[in-house]
Amino acid sequence: MTVDVTKAARAAQPGAGATRTRSTTGPAGGAGHRADDAVRRAELAAFLRSRRERITPEQVGLPRGTRRRTPGLRREEVAHLGAVGVTWYTWLEQGRDIHVSPQVLDAVARALLLDRAERSHLFALAGAVDPLPGKECTGVPRALREIVDGLAPYPAVVQNSRFDIVAHNAAYGKLMCDLDTLPLEDRNCMWLVFTHPGWRELLVDWEATARTMTAKFRASMAEHIAEPAWKALVARLAEASPEFREIWAQHEVERTAGAVKVFRHPVVGLLQLTGTNLWLGPNTGPKVLTYTPVDEVSRERLVELAELARTAVPAGAAAPAV
C-alpha cells in the first residue's frame, strides 16, 4: 500500500501522538544505530500485521461484507477501532521512521486485542514506556466468550487478577446487578462490592465477602505493587469507601479458593451457589469464575434467573409497547 505524503500531512493534526523522528547520532556509530532502528521498525511492522490478520471482523462487531480479500481486519478498521489516524497506523505497519506516543500505542493495543505479553512486546519494539505497565487488556477470544455463554444457566464471569470484569454471561449480568448498564471503568468486583448498593443488598454476608475479597486482592497485588493501575484502584476505593480503608489497613491476605456464597436476589429469591475458579494461565491471574447450585431449589432459581436475563430488554433499547 502506498501512502500519499501530501494527504498524510493533511491528516496529521497536532496532538495526533506521532511525529517524524530525527537522528541525534553523530557521525561515529550513526550508521549502526540507524541500522538497529530499521531492524526494530521492521519487526514492529511484521508484529502489527500478524496481530491484525488474526482478528476477524465478527470479533470486533464489524460486518464481513462480500468483497473482503484481506485476512483479518483492514488497516483502516484497526485505526477506526483505536480512534487513531489511518496514516500513522499505516506508517507503523510500513516500518516508517516515526515516533508514536504511548497513548497511540495504548489505543492500538486495545484495537488489536493484545494480551499482556503482546502489549509489552509492542511497547518494547516501539521504544516507548508503557504508561500502564500492569494493565491487563480486555480482549477475550471469541471461543472463550462462547464457553462462558454456554455455561448458562450457571452464572459465569471472566476476571483478571485485579478483579476487573472482562466478560460475563447473561446469567451473571443479572445475578449481581444489571452489569451492562454500568460504565466500563466501574466493572470491577472490588469497586462494586464497596460502592454499589445492589451488591451490598444481594450478598447475605456482605462483611465476610468484602473482607475475603480485600484479602485476596492484597495477595494478588504483591506481584503488581508498583503498577499504576493497581495503585489507582486502591486510591479510588480508599476515597470512596471508609469500610475499604478500615479493612485495607489491616493487611490481611488470603489465597484464592472456591467457596459457597449465599445471594438474596430481588426477583428469584435466595440462592446458595458454589464458586469455582477455572484458571486461564499457569498462575493465579485471569480466570473464569462459575457459580453452580448447592441444592435443587437454587438450581431451579438459576433457571428462572437465566430466563429473566434472556427476556430482559438490552441496555439502551426501547421497551416494547404495551
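Asks: What's the story with the overall build of the protein chain in this structure? I'm lost.
Replies: Within the protein chain, the secondary structure is distributed over 14 helices and seven strands. In the protein chain, which comprises 322 residues, the share counted as buried stands at 41%. Counting contacts in the protein chain only where the partners sit at least 6 residues apart, residues at least 24 apart contribute 55% of the total. A total of about 17300 Å² of accessible surface is found on the protein chain, and carbon and sulfur atoms cover 55% of it.

Asks: What is the right way to read the state of the cysteines from this model?
Replies: A covalent bond between the sulfur atoms of two cysteines is what we call a disulfide. Going through the model one piece at a time under the given rule, you end up with zero disulfides. The thiol of Cys 177 is not disulfide-bonded; the next cysteine sulfur, from Cys 189, is found 9.4 Å away. The class for Cys 177 is buried, based on a relative accessible area of 12%. The class of Cys 189 is buried, set by a relative accessible area of 3%.

Asks: I'm lost on the packing of helix 3 (residues 75-82) against helix 4 (residues 86-93) in this one. Help?
Replies: When two helices pack together, their arrangement is given by the angle between the helix axes and by the axis-to-axis distance. For the pair helix 3 and helix 4, the least separation of the axes is 9 Å and the interaxial angle reads 125°. As judged from the angle between their axes, helix 3 and helix 4 are oblique. Crossing of helix 3 over helix 4 shows right-handed handedness. Two secondary-structure elements touch here, helix 3 through Arg 75, Glu 76, Val 78 and Ala 79 and helix 4 through Val 86, Tyr 89, Thr 90 and Glu 93. Taken together, the residues of the contact of helix 3 with helix 4 sort by class into four nonpolar, one polar and three charged.

Asks: What is the right way to read helix 4 from this model?
Replies: Every α-helical turn comprises 3.6 residues, leaving residues that sit three or four positions apart pointing alike. Of all eight residues in helix 4, seven are buried; the element is thus mostly enclosed. Every buried residue belonging to helix 4 is among Thr 87, Trp 88, Tyr 89, Thr 90, Trp 91, Leu 92 and Glu 93, and all of these are buried. Count one or two residues on from helix 4 and you reach Gly 95, which has phi positive near 70°.

Asks: Explanation requested: helix 14 (residues 296-311) in the structure shown.
Replies: Here helix 14 spans 23 Å end to end across 16 residues, near enough to the 22 Å set by a 1.5 Å rise per residue. Restricting attention to buried positions, one finds in helix 14 the residues Ser 298, Leu 302, Leu 305 and Ala 309. Seen end-on, helix 14 carries its buried residues on one side only, within an arc spanning 60°. Turned more than 90 degrees away from the buried face of helix 14, the exposed residues are Glu 300 and Arg 310. As for helix 14, its buried residues are in contact with helix 8 (170-176), strand 5 (259-265), strand 6 (269-279) and strand 7 (287-293).

Asks: Would you explain the sheet that holds strand 5 in this entry?
Replies: The strands making up a sheet associate through hydrogen bonds between their backbones, and the pairing can be parallel or antiparallel. Strand order in this open sheet of five strands is 4-3-7-6-5, and the pairing throughout is antiparallel. Edge positions in the sheet fall to strand 4 (165-168) and strand 5, since each of these pairs with one other strand and no more. If you compare each strand with its neighbour and ignore which way they point, the axes differ by 30° on average. Bridge analysis of strand 6 against strand 7 gives seven bridges, and the strand direction is antiparallel. Residue pairing for strand 7: Gly 275 is matched across the bridge by Tyr 291. In the packing of helix 14 onto the sheet, the strands contacted are strand 5, strand 6 and strand 7, and the crossing angle to strand 6 comes to about 85°.

Rules used in this analysis
Residues numbered from 1 in each chain as written. Predicted model: local features only at pLDDT ≥ 70, side-chain atom pairs only at ≥ 80, totals over all residues. Heavy atoms only, no water. Helix = DSSP H or I, 4+ residues; strand = E, 2+ residues; numbered from the N terminus. Buried < 20%, exposed > 50% of the residue type's maximum accessible area, 1.4 Å probe, protein only. Contact = heavy atoms within 4.5 Å. Areas by Shrake-Rupley, 256 points an atom, 1.4 Å probe, with all protein chains shown as cover. Disulfide = S-S within 2.5 Å. Axes fitted to C-alpha atoms, helices over the stretch in contact; angles between N-to-C directions. Parallel < 35°, antiparallel > 145°, perpendicular 65-115°, else oblique. Left-handed = near helix turned anticlockwise from the far one by under 90°. Nonpolar A, V, L, I, M, F, W, Y, C, P; charged D, E, K, R; others polar. Expected span 1.5 Å × (residues − 1). Arc of directions from axis to C-beta. Pairing = 2+ DSSP bridges.

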